[in-house]
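Below are the chains, spelled out letter by letter.
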Amino acid sequence: MSGELKKSDVEVTILIAEETKRQQETLDLIPSENIVSHAVLEAVGSSFINKYSEGYPGKRYYAGNAVADKIEILAQERARKVFRLGKEWGVNVQALSGSPANMAVYFALLQLGDKFMGLNLSCGGHLSHGDPVNFSGRLFKPIHYGVDKKGLIDYNEVHTLARREKPKLILAGTTAYPRTLDFKKFGKIAKEVKAFFMVDMAHIAGLIAAGAHSSPFPYADVVTTTTHKTLRGPRGALIFARNDKMIKVNEKEVSIARAIDRAVFPGLQGGPHDNQTAAIAVALGEAMRPEFKKYGHQIVKNAKALAHALQKLGFQLVSGGTDNHLMLIDLTNMGISGREAQDKLEAVGIVVNRNTIPYDTRSPFDPSGIRLGTPSVTTRGMKEKEMKVIAELIHEALTKDTVSGIKRGVKDLCQKFRI
Ligand SMILES: *Cc1c(COP(=O)(O)O)cnc(C)c1O
């Protein structure tokens, strides 16, 4: 396999080399990104890419799927093992990414125009949780809860809103929220108002797998996740749904797991990406090993160390710190915008993303904050000591005009902790 691309397509070979070099020579602090193993890369580029497998194992619409069945079943079984689940949970591995996975759940459990509750985008929720520009906000009726002045989810507000609005589904899940989620509280509220309880654990799936964040499974009816964030797999998604909770579809009782399978295919997609499924299986295999547990806990230790060091240097963090893999810096007191900070950091090789902070007075295009996360640098092997160095580099990049020393610092770290 290796060397073929170089022979057949120089242009693409050069661009791949350029991107690899960019990743090797920069520090990636984007919390939704990670670095997959060579084993995962190999599986993505495997012969499974050539196969059409519309349908599910044992029920395909094309011939030649005996092996595709095996890889899909293996991915499902490993997914159950990684999250310590029994057969009462169905697993769908076919949704192409996180947003389509959420779409499948809404289409399975809601009617068009139905009310559901999710966290506001500006408070750390995801676009696909009912933002007006997203399908989820256009086809359904989102009721958004937010965070309080301290930046924390106000469970009393969630409770009050749920009782008043009677949504059909309550969604807990975040993209830019630095604290742990209380799934038990959410679950109790959902139960009281007879709503489905859905968790979108896209950002924290790797932490949950490692035991570094509490698990939503004892409380949720449905759990979705991307596979490419802290879980450290290929781009893709998993949907877990209860086999033992029934709903009516066209006058027939079916499990919500079955309803979601049908929403994915034939509802939203044609054939699954079997090469992604193979790579998801590889990533889940890695997540079953003891090293993964260490990695998950180290992500959190690193985030806490980075947060602490930044605070000592005068940075304000939304909610005052972090419990997970990410933090939000409110740059207001530094006299610099999120956009400027993102650009200044990129110029020295530190890759972050600008982000709104709760109750931001600036626009999402040039907000008041930046979001930092530790998954990628943790995968590279960095520990608390390096987080202190990174905090100092960030501080210097945002407060000083000379960048040569900072660039050298970034280069040193990148060389010591190679991809
Ligand atoms: C990243 C993310 C998604 C969407 O994933 P894509 O694969 O980018 O579509 C959905 N929900 C949450 C909470 C996320 O963080």
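Residues numbered from 1 in each chain as written. Predicted model: local features only at pLDDT ≥ 70, side-chain atom pairs only at ≥ 80, totals over all residues. Heavy atoms only, no water.

### Re the domain arrangement of the chain
Consideration 1: Domain boundaries assigned for the chain yield domain 1 (42–287) and domain 2 (298–416).
Consideration 2: In this structure, domain 1 and domain 2 have C-alpha centres spaced 30 Å apart.
Consideration 3: The interface of domain 1 with domain 2 comprises 19 residues on the first partner and 21 residues on the second.
Consideration 4: Interface of domain 1 and domain 2: buried area, both sides summed, is about 1600 Å²; carbon and sulfur atoms make up 56% of it.
Consideration 5: Looking at the side of domain 1 facing domain 2, the largest losses of area belong to Pro178, Arg179 and Leu207, adding up to 34% of the total buried there.
Consideration 6: Joining domain 1 to domain 2, the criterion identifies 1 salt bridge.
Consideration 7: Close ionic contact of aspartate 323 with arginine 179 constitutes a salt bridge, the shortest N to O distance being 2.8 Å.
Consideration 8: At the junction of domain 1 with domain 2, the criterion picks out 12 residue pairs in polar contact (both at pLDDT 80 or more).
Consideration 9: Of the residues belonging to the side of domain 1 that touches domain 2, the class tally is 8 nonpolar, 6 polar and 5 charged. (Domains from an automatic or database assignment. Contact = heavy atoms within 4.5 Å. Buried area = accessible area lost by both parts, 1.4 Å probe. Salt bridge = Lys/Arg side-chain N within 4 Å of Asp/Glu carboxyl O. Polar contact = N/O pair within 3.5 Å; in protein donor to acceptor, adjacent residues only side chain to side chain. Nonpolar A, V, L, I, M, F, W, Y, C, P; charged D, E, K, R; others polar.)

### Regarding the site of the ligand
Consideration 1: In the neighbourhood of the ligand, 14 residues make up the surrounding shell, with Ser97, Ser99, Asp200, His203 and Lys229 lying closest.
Consideration 2: Here an oxygen atom of the ligand sits 2.9 Å away from a polar atom, N or O, in the main chain of glycine 98.
Consideration 3: One nitrogen or oxygen atom from the side chain of lysine 229 is found 2.8 Å from an oxygen atom belonging to the ligand.
Consideration 4: Here the ligand, which alone exposes 380 Å², has 86% of that area covered by the protein.
Consideration 5: The residue makeup of the shell around the ligand, split by class, is 1 nonpolar, 11 polar and 2 charged. (Near = heavy atom within 4 Å. Areas by Shrake-Rupley, 256 points an atom, 1.4 Å probe, with all protein chains shown as cover.)

### Details of the nonpolar core
Consideration 1: In this structure, Phe83, Tyr145, Ile153, Ile170, Phe186, Met201 and Phe240 are the most contacted members of the largest nonpolar core, which totals 60 residues.
Consideration 2: With 7 residues, the top contributor of residues to this core is helix H11 (residues 274–287).
Consideration 3: For methionine 201, the contacting residues outside a window of four places in its chain are Phe83, Ile208, Pro216, Phe217, Val223, Thr224, Thr225 and Phe240.
Consideration 4: In terms of nonpolar packing, the next biggest core, distinct from the first, is built from 35 residues, Leu306, Leu372, Met382 and Ala397 among them. (Core = buried A, V, L, I, M, F, W, Y, C linked by side-chain atoms within 4.5 Å. Buried < 20%, exposed > 50% of the residue type's maximum accessible area, 1.4 Å probe, protein only. Helix = DSSP H or I, 4+ residues; strand = E, 2+ residues; numbered from the N terminus.)

### Quick look at the packing of aromatic side chains
Consideration 1: This structure, assessed with the given rule, holds 15 aromatic pairs.
Consideration 2: Ring centres 6.1 Å apart and planes at 45° place the aromatic pair tyrosine 106 and phenylalanine 135 in the tilted group. Here tyrosine 106, found in helix H5 (residues 98–109), pairs with phenylalanine 135, found in helix H6 (residues 135–139); they are 29 residues apart in sequence, far enough to count as distant. Across the pair, exposure class does not vary: tyrosine 106 and phenylalanine 135 are buried alike.
Consideration 3: Ring centres of tyrosine 145 and phenylalanine 186 lie 5.7 Å apart, and the angle between their planes is 50°; on these two criteria the pair is classed as tilted. (Phe/Tyr/Trp six-rings, centres within 6.5 Å; stacked < 30°, edge-to-face > 60°.)

### Here we look at helix H2 (residues 10–24)
Consideration 1: The terminal C-alpha atoms of H2, which comprises 15 residues, lie 21 Å apart, in line with the 21 Å expected from a rise of 1.5 Å per residue.
Consideration 2: For H2, the side-chain oxygen to backbone nitrogen distance between the N-cap and glutamate 11 is 3.2 Å, and the N-cap itself is aspartate 9. (Expected span 1.5 Å × (residues − 1).)

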